[in-house]
Amino acid sequence: MDLVKILKDTVAALPAGEYSSGLTAILRHISVAVRHFEGLSGSHSDRFTDAIYRTNQAYEGSLKEAYRVLANKDPANKSPHQIEKYLEQNNILRPRVLTQITRYRHDYRNPSTHDYKLDFDQSEALLAITSTCGFAKLLIDQISEKIAFNNAVLHSTILPNEILKFKTIDELSLYASN
């Protein structure tokens, strides 16, 4: 399974928007993390730690770009923790997924941000890369669904006050077809 290709294909399917440069940056960080992991860049002794620094960037970027689209707000002053709370309070992700995102922040992002002596090994780098790819894919799928929902609303004949009761494109589509 080529996780980077899956992400690239998912991003390529989205229309251009304010989020596009952020999603491109996420792909770049993940691609560089994989190159570090494979030993294609960076010094050999630091390559796994460097891979995690890159996955941290992809993790935070994924949360911020999802927040930009889902909340329709600038994520610049939001912390990953605040965005996780937004996702939780608005029932955007399932509880087990949120738990894994929070765990990544606690186990990888926070320690590497605050401990300049920290060192990661190959196993930790592999888990960080695969976890971050999964988070990015899930959040990009949420972005895609929100864009589709917004486009459906824009082109809908349903009254605006009726649209407010729908949370997903599937709910709106089902209602519109009746």
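For the structure, see preceding data.
Summarised in this report is the structure supplied together with it. All figures in this text were calculated on a predicted structure; none of them were measured in a lab. Here the residue numbers are simple positions, counted from 1 along each chain's written sequence. Where local features are concerned, this predicted model is filtered to residues with pLDDT of at least 70; where side-chain atom pairs are given and counted, the filter is 80 or more; whole-chain, interface and lining totals use all residues. Hydrogen atoms and water are omitted, and side-chain values are computed over all heavy atoms in the structure.

## Things to note about the overall build of the chain
Turning to step 1, where the next piece is worked out: The secondary structure content of the chain amounts to eight helices and zero strands.
Turning to step 2, where the next piece is worked out: The secondary structure listing takes helices from DSSP runs of H or I that are at least 4 residues long and strands from runs of E that are at least 2 residues long, numbered from the N terminus. Tracing the chain from N to C terminus, the helices and strands come up as α-α-α-α-α-α-α-α.
Turning to step 3, where the next piece is worked out: Surface exposure here means Shrake-Rupley accessible area, sampled with a 1.4 Å probe, where a residue is shielded only by the protein chains that are shown. Just so you have it, the chain exposes about 10400 Å², and 52% of that area is on carbon and sulfur atoms.

## Description of the nonpolar core
Turning to step 1, where the next piece is worked out: Leu23, Ile30 and Leu87 are the most contacted members of the largest nonpolar core, which has 42 residues in total.
Turning to step 2, where the next piece is worked out: At the level of secondary structure, the elements contributing two or more residues to this core comprise helix H1 (3–12), helix H2 (20–37), helix H3 (47–70), helix H4 (80–89), helix H5 (95–114) and helix H6 (122–154).
Turning to step 3, where the next piece is worked out: Setting aside its immediate chain neighbours within four residues, isoleucine 30 contacts Val4, Leu7, Ala58, Thr132, Cys133 and Ala136. Buried residues of nine kinds, namely Ala, Val, Leu, Ile, Met, Phe, Trp, Tyr and Cys, make up a nonpolar core once their side-chain atoms join them within 4.5 Å. Relative accessibility thresholds used throughout: buried, under 20% of the residue-type maximum; exposed, over 50%; partly exposed, between the two (1.4 Å probe, protein chains only). Should any heavy atoms of two residues lie within 4.5 Å, those residues are counted as being in contact.

## What about the pattern of salt bridges?
Turning to step 1, where the next piece is worked out: For this document, the term salt bridge refers to a Lys or Arg side-chain nitrogen within 4 Å of an Asp or Glu carboxyl oxygen. Scanning all chains against the criterion turns up eight salt bridges.
Turning to step 2, where the next piece is worked out: Between glutamate 65 and arginine 68 there is a salt bridge, and its shortest N-O distance comes to 2.8 Å. Placement of the pair is glutamate 65 and arginine 68 together in helix H3, with a separation of three residues, close to one helical turn. Of the two residues examined, glutamate 65 and arginine 68, each falls in the buried class.
Turning to step 3, where the next piece is worked out: Two residues, glutamate 84 and arginine 105, come together in a salt bridge whose shortest N-O distance is 2.8 Å. In this pair, glutamate 84 sits in helix H4 while arginine 105 sits in helix H5, placing the two residues 21 residues apart along the sequence.
Turning to step 4, where the next piece is worked out: Exposure remark for glutamate 84: the relative accessible area of 4% places this residue in the buried category.

## Describing the side chain of threonine 10
Turning to step 1, where the next piece is worked out: Take threonine 10: it is sitting in helix H1.
Turning to step 2, where the next piece is worked out: Polar contacts, as used here, are pairs of N or O atoms within 3.5 Å; protein pairs need one atom able to donate a hydrogen and one able to accept it. Residues neighboring in sequence count only if both atoms are side-chain atoms. Separated by 3.4 Å, the side chains of threonine 10 and lysine 137 make a polar contact.
Turning to step 3, where the next piece is worked out: Not counting residues up to four positions away in its chain, the partners in contact with threonine 10 are Lys137, Ile140 and Asp141.

## A short note on the packing of H5 against H6
Turning to step 1, where the next piece is worked out: Working convention: axes come from line fits to C-alpha atoms, limited for helices to the stretch in contact. Angles between N-to-C directions cover 0 to 180 degrees. The N-to-C vectors of H5 and H6 enclose an angle of 140°; their axes lie 11 Å apart at closest approach. Classified by the angle their axes make, H5 and H6 are oblique. Of the two possible hands of crossing, H5 and H6 adopt the one that is left-handed. Facing H5, whose interface residues are Val97, Gln100, Ile101, Tyr104 and Tyr108, H6 presents Glu124, Leu127, Ala128, Ser131, Thr132, Phe135 and Leu138. What sets the label is the angle itself: under 35 degrees gives roughly parallel, over 145 gives roughly antiparallel, 65 to 115 gives roughly perpendicular, and the rest give oblique. Handedness of a crossing is defined here by the sense of rotation of the near helix relative to the far one, left-handed for an anticlockwise turn of less than a right angle and right-handed for a clockwise turn.

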